[in-house]
Amino acid sequence: SQTIHQWPATLVQPVGSPLSLECTVEGTSNPNLYWYRQAAGRGLQLLFYSVGIGQISSEVPQNLSASRPQDRQFILSSKKLLLSDSGFYLCAFRDPGVSIQYFGAGTRLSVL
Amino acid sequence: SQQGEEDPQALSIQEGENATMNCSYKTSINNLQWYRQNSGRGLVHLILIRSNEREKHSGRLRVTLDTSKKSSSLLITASRAADTASYFCATELSGNTGKLIFGQGTTLQVKP
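Residues numbered from 1 in each chain as written. Chains lettered and ligands numbered in written order. Predicted model: local features only at pLDDT ≥ 70, side-chain atom pairs only at ≥ 80, totals over all residues. Heavy atoms only, no water.

In terms of regular secondary structure, chain A is built from zero helices and 11 strands. Going residue by residue from the N terminus, the α and β elements of chain A occur as β-β-β-β-β-β-β-β-β-β-β. Computed over C-alpha atoms, the radius of gyration of chain A comes to 13 Å, within 12% of the 13 Å expected from 2.2 N^0.38 for 112 residues, which places it in the range of a compact globule. With respect to the three principal axes, the spread of C-alpha positions in chain A is 40 × 25 × 20 Å. Buried positions account for 50% of the 112 residues belonging to chain A. If you take every contact in chain A between residues at least 6 apart in sequence, the share linking residues at least 24 apart comes to 55%. (Helix = DSSP H or I, 4+ residues; strand = E, 2+ residues; numbered from the N terminus. Rg over C-alpha atoms; globule rule 2.2 N^0.38 Å. Buried < 20%, exposed > 50% of the residue type's maximum accessible area, 1.4 Å probe, protein only. Contact = heavy atoms within 4.5 Å.)

Let us now look at the interface of chain A and chain B. Listed per partner, the contact involves 20 residues of chain A and 21 residues of chain B. When the buried surface of chain A facing chain B is broken down by residue, L44(A), S99(A) and F103(A) rank first, second and third, together holding 29% of it. Put simply, chain A and chain B have two salt bridges between them. Of the charged contacts in the structure, one is a salt bridge between K99(B) and E59(A), with a shortest N-O distance of 3.3 Å. One can count 10 residue pairs in polar contact (both at pLDDT 80 or more) joining chain A with chain B. Elements with a minimum of two residues in the side of chain A that touches chain B: β4 (32-38), β5 (44-52) and β9 (87-94) of chain A. In terms of residue class, the side of chain A that touches chain B is made up of 10 nonpolar, six polar and four charged. (Buried area = accessible area lost by both parts, 1.4 Å probe. Salt bridge = Lys/Arg side-chain N within 4 Å of Asp/Glu carboxyl O. Polar contact = N/O pair within 3.5 Å; in protein donor to acceptor, adjacent residues only side chain to side chain. Nonpolar A, V, L, I, M, F, W, Y, C, P; charged D, E, K, R; others polar.)

Glancing now at unusual backbone geometry. For the bond from W7(A) to P8(A), the omega torsion is 0°, close enough to zero to count as cis. Mapped onto the secondary structure, P8(A) falls in the loop between β1 (3-7) and β2 (10-13). For the bond from D7(B) to P8(B), the omega torsion is -5°, close enough to zero to count as cis. Mapped onto the fold, P8(B) is located in the loop between β1 (5-7) and β2 (10-14). For K70(B), which is not a glycine, the phi torsion comes out positive at approximately 50°. Considering the arrangement of structural elements, one finds K70(B) in the loop between β7 (61-66) and β8 (71-76).

Laid out in structure tokens, this is it:
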């Protein structure tokens, strides 16, 4: 069966520190992968998506970057965190040609 | 601006009552989906309705789509306390991007 793993669940980081959030998918090949951010009480904002290894599309200019070093691994990074990077980060995937997205449990990031 | 706008933002009902949430969007879509999010968790897909469909049912869920008005509604019948969650509509834009645009969500509280 298909599963998606996202970690850590919570993270508290000082301003200016680096960030690395990892997401891995099992039970599928060549998935489309997505990183979203959700502000408190708000909807999801698409940050990055990837249709294949090394192929990353950025939706909004920001302090974050994404990479896809393996087919089922998606990483969200920052070299120096800002206060405004705080939020709830969600990874998701979908099988090519299928519209439904499946979400990880999310990472609550607090930048202090 | 967000593709999906939902109303109401918050809804509080008694167990056994029906809950209706509405979503409006702005551009042509392939399909419209509804997701549920329990507090602090990832999103779970509920139901998908294609642009050429007008109504769809799944258990206690009923979704309608009016492409002429660019709107959709989600009806949850005979609500239960366990239905308490946030509900989001998401539109997949025409084309084959696979990207979903989420609304701001409706927070539903079902009182026992």
